[in-house]
Amino acid sequence: MRLLITGGTVITFGNPCQVLEGHAVLIEGDRIAQIAPPEEIHGPFDRVLPAAGKAVLPGLINAHMHYYSTLVRGLGKAAPSCNFREVLENLWWRLDRKLSLDDVEVSARVILVDAIRKGTTTLIDHHASPGAILGSLKRIALAVKDFGVRSCLCYEVSDRDGEQVTTEGLEENCAFARECAAAGDPHLRALFGLHAAFTLSNKTLARAAHLGHETGAGFHVHVAEAESDVASNRDLFGKTPVARLVSHGILKKGSIAAHAVHVDEADVEALAGSGAWVVHNPQSNLNNAAGVADVVGLVKRGVRVGLGTDAMTVNMFEEVRVGLWAQHLRQNNPSCGFMELTDALFVENPRIASALWGFPLGTLAEGAAADVILVDYHPPTPLNGDTVLGHLVFGISQAPVDTTICGGRILMEGKSLKIDLDEAELARKSRALAERLWDRF
Ligand SMILES: [Zn+2]
């Protein structure tokens, strides 16, 4: 399959983020074969996608996601929560214990359709369903493969439901990581999931570290999301969450530490030295009144920071904008944080995904994955390498995604889905499952 995208303004992401006018993008199979003026690209082509009036961008990447939270939308039964711990106890931990394998798969299907519409083609998920663990990642993987996006999956191990559930969580990570490595499917990758240090004993951390190193997968874990996480680790173990996770070899190159809102100087130094990525989730942190991570300070001290949504949305442009406004408040300076936040989405997220997948992802370059989106956009001011980040944050972010391509496969074109899906039927099924889930809640 040779697909030519021509007539649009090519924006590469990466550092520097280039703007290429008068260039076409040739996709061959699942990779980008050539980016050049159209007269230099030779046919024949199986398809030509005219992109006049459109920005041609890499598919967006969400570096921290929870598909399983989809069915909570509109649920009004949770008791009022005054802090982050109560949010977990009154809502998320009550909900995830009741999830069935069908709930898990449908949750993923519903939100992945939304991701295609928003131009997000790669999602790094963190899954929990303590009452239906074994086989849960496989069910999510079915949805990922059917809809043609890319996802890195893990199961969040925790001691909060007793030893049997802990063991099943460890097993689910190992089984999926092994299957993933054996299958070599370019749409799926695995990390080893852990909930957070405050719900994990030293014994479980040691078991996870051993198994994770055996499977070769990095770890994906919530770190210092709330003050209570830090206080609980200090009280019970005499260490911060970062110090505990580093000492167990969990935070290392190839691992993801979601949040890092409440970290001290020594933690930041340890995070930078570990080589792990911090993934910032500003909307979730604001929603839970957990605080705003010092992204500027983290980056200044050498921590690599990417961007996730923690399931608040699959719209990465929305997340980067909110992250930017929050960082202005955090730094008490409206000029601080622009480069750190835009780098998180346009530079670090592609690096995270490229490292996990083992080939270039999230960038428009020859040889990179053919994950491309077209966004309706007529720039009203000069658009070039100097101004592109401003256009992305203030203009392109507000424009409709027209076409979404992942691995060379067109998933949406002209704002209409091209995947095999009866959307109304999926929503009907989801509503029926949600009603039953809410009854059990
Ligand atoms: Zn999370």
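Trainee: Break down helix α3 (residues 136-147) for me, citing the residues and quoting the values.
Mentor: For α3, built from 12 residues, the straight-helix expectation of 16 Å at 1.5 Å per residue is met to within 8% by its first-to-last C-alpha distance of 17 Å. Listed as buried for α3 are Ser136, Leu137, Ile140, Ala141, Ala143, Val144 and Phe147. Along α3, the residues classed as buried sweep out an arc of 160 degrees about the axis, all on the same side. Of the surrounding elements, those touching the buried residues of α3 are α2 (101-118), β9 (120-125), β10 (150-153), α4 (163-183), β11 (188-190) and β19 (409-413). Of the residues one or two after α3, Gly148 is the one with positive phi, at around 80 degrees.

Trainee: Let's hear about the coordination of the zinc ion: which residues, and what values?
Mentor: With distances of 2.0 to 2.2 Å, the protein atoms coordinating the zinc ion are His64 (NE2), His66 (NE2), His222 (NE2) and Asp310 (OD). For the zinc ion, the four donor atoms in the first shell make angles of 87 to 166 degrees at the metal, so the coordination geometry reads as irregular.

Trainee: Describe the packing of aromatic side chains, naming the residues involved and giving the relevant values.
Mentor: As enumerated under the stated definition, the model contains six aromatic pairs in all. With centroids separated by 6.0 Å and ring planes inclined at 35 degrees, the aromatic side chains of Trp325 and Phe394 adopt a geometry described as tilted. With a gap of 69 residues between them, Trp325 in helix α11 (residues 316-331) and Phe394 in helix α13 (residues 388-394) connect regions that are remote in the sequence. Of the residues examined, Trp325 reaches a relative accessible area of 36% and is grouped as partly exposed. The ring of Phe147 carries the charged tip of Arg109 above its face, separated from the ring centre by 5.4 Å.

Trainee: For the side chain of Asp185, give the residues involved together with the corresponding values.
Mentor: Take Asp185: it is sitting in the loop between α4 and β11. With relative accessibility at 13%, the residue Asp185 sits in the buried group. Within the local environment of Asp185, its side chain forms a polar contact with the backbone nitrogen of His187, the two atoms lying 2.7 Å apart. Setting aside residues up to four positions removed in sequence, Asp185 forms contacts with Lys145 and Cys180.

Trainee: Describe the sheet that holds strand β13 (residues 219-223), listing the residues and the values that go with them.
Mentor: Strand pairing in a sheet is mediated by backbone hydrogen bonds. Such pairs are either parallel or antiparallel. Spatially, five strands are ordered β12-β13-β14-β15-β16 in an open sheet, and the strand pairing comes out parallel. Of all the strands in the sheet, just β12 (192-196) and β16 (304-307) have a single pairing partner and so form its edges. Neighbouring strand axes in the sheet, compared pairwise and without regard to direction, differ in orientation by 25 degrees on average. Sheet topology note: the β13/strand β14 (residues 256-259) ladder contains four bridges and is parallel.

Trainee: Provide a residue-level description of the pairing of strand β15 (residues 277-280), including the pertinent values.
Mentor: The side-chain alternation of β15 yields two buried faces, one formed by Trp277 and Val279 and the other by Val278 and His280. Looking at chain direction, β14 and β15 are connected through three bridges and run parallel. Each bridged residue has a counterpart across the sheet, and for Ala257 the counterpart in β15 is Val278. Each parallel crossover has a hand, and the one from β14 via helix α8 (residues 265-274) to β15 is right-handed. Note that β15 and β16 share four bridges and pair parallel. By the bridge assignment for β16, Val278 is matched with Val305.

Trainee: Before we move on, can you summarise the packing of α3 against α4 with the specific residues and values?
Mentor: Relative to each other, α3 and α4 sit at 40 degrees, their axes nearing to 9 Å. Considering the angle they form, α3 stands oblique to α4. From α3, Ser136, Leu137, Lys138 and Ala141 reach across to α4, where they touch Glu172, Phe176 and Glu179. Its residues assigned to classes, the contact of α3 with α4 shows three nonpolar, one polar and three charged.

Trainee: Which residues make up unusual backbone geometry, and what are the values?
Mentor: In this structure, the amide linkage connecting Asn15 to the following residue, Pro16, adopts the cis form with an omega of 5 degrees. Each neighbour pair has its own omega, and for Gly43 with Pro44 the value is 5 degrees, a cis peptide bond. In this fold, Pro44 is placed in the loop between β5 (31-36) and β6 (47-50). Despite not being glycine, Ala311 shows a phi value in the positive range, around 75 degrees. Among the secondary structure elements, Ala311 is positioned in the loop between β16 and α11. Backbone geometry at Asn332 places phi at a positive 55 degrees, although glycine is not the residue there. Examined against the element boundaries, Asn332 turns out to sit in the loop between α11 and α12 (338-357). With a relative accessible area of 71%, Asn332 lands in the exposed category.

Basis of the calculations
- Residues numbered from 1 in each chain as written.
- Predicted model: local features only at pLDDT ≥ 70, side-chain atom pairs only at ≥ 80, totals over all residues.
- Heavy atoms only, no water.
- Helix = DSSP H or I, 4+ residues; strand = E, 2+ residues; numbered from the N terminus.
- Expected span 1.5 Å × (residues − 1).
- Buried < 20%, exposed > 50% of the residue type's maximum accessible area, 1.4 Å probe, protein only.
- Arc of directions from axis to C-beta.
- Contact = heavy atoms within 4.5 Å.
- Donors = N, O, S within 2.8 Å, 3.2 Å for Na, K, Ca; no water.
- Tetrahedral: all angles 85-135°; square planar, octahedral: opposite > 155°, others 65-115°.
- Phe/Tyr/Trp six-rings, centres within 6.5 Å; stacked < 30°, edge-to-face > 60°.
- Lys NZ or Arg CZ within 6 Å of the ring centre and 35° of its normal.
- Polar contact = N/O pair within 3.5 Å; in protein donor to acceptor, adjacent residues only side chain to side chain.
- Pairing = 2+ DSSP bridges.
- Axes fitted to C-alpha atoms, helices over the stretch in contact; angles between N-to-C directions.
- Right-handed = clockwise from strand over helix to strand, strands pointing away.
- Parallel < 35°, antiparallel > 145°, perpendicular 65-115°, else oblique.
- Nonpolar A, V, L, I, M, F, W, Y, C, P; charged D, E, K, R; others polar.

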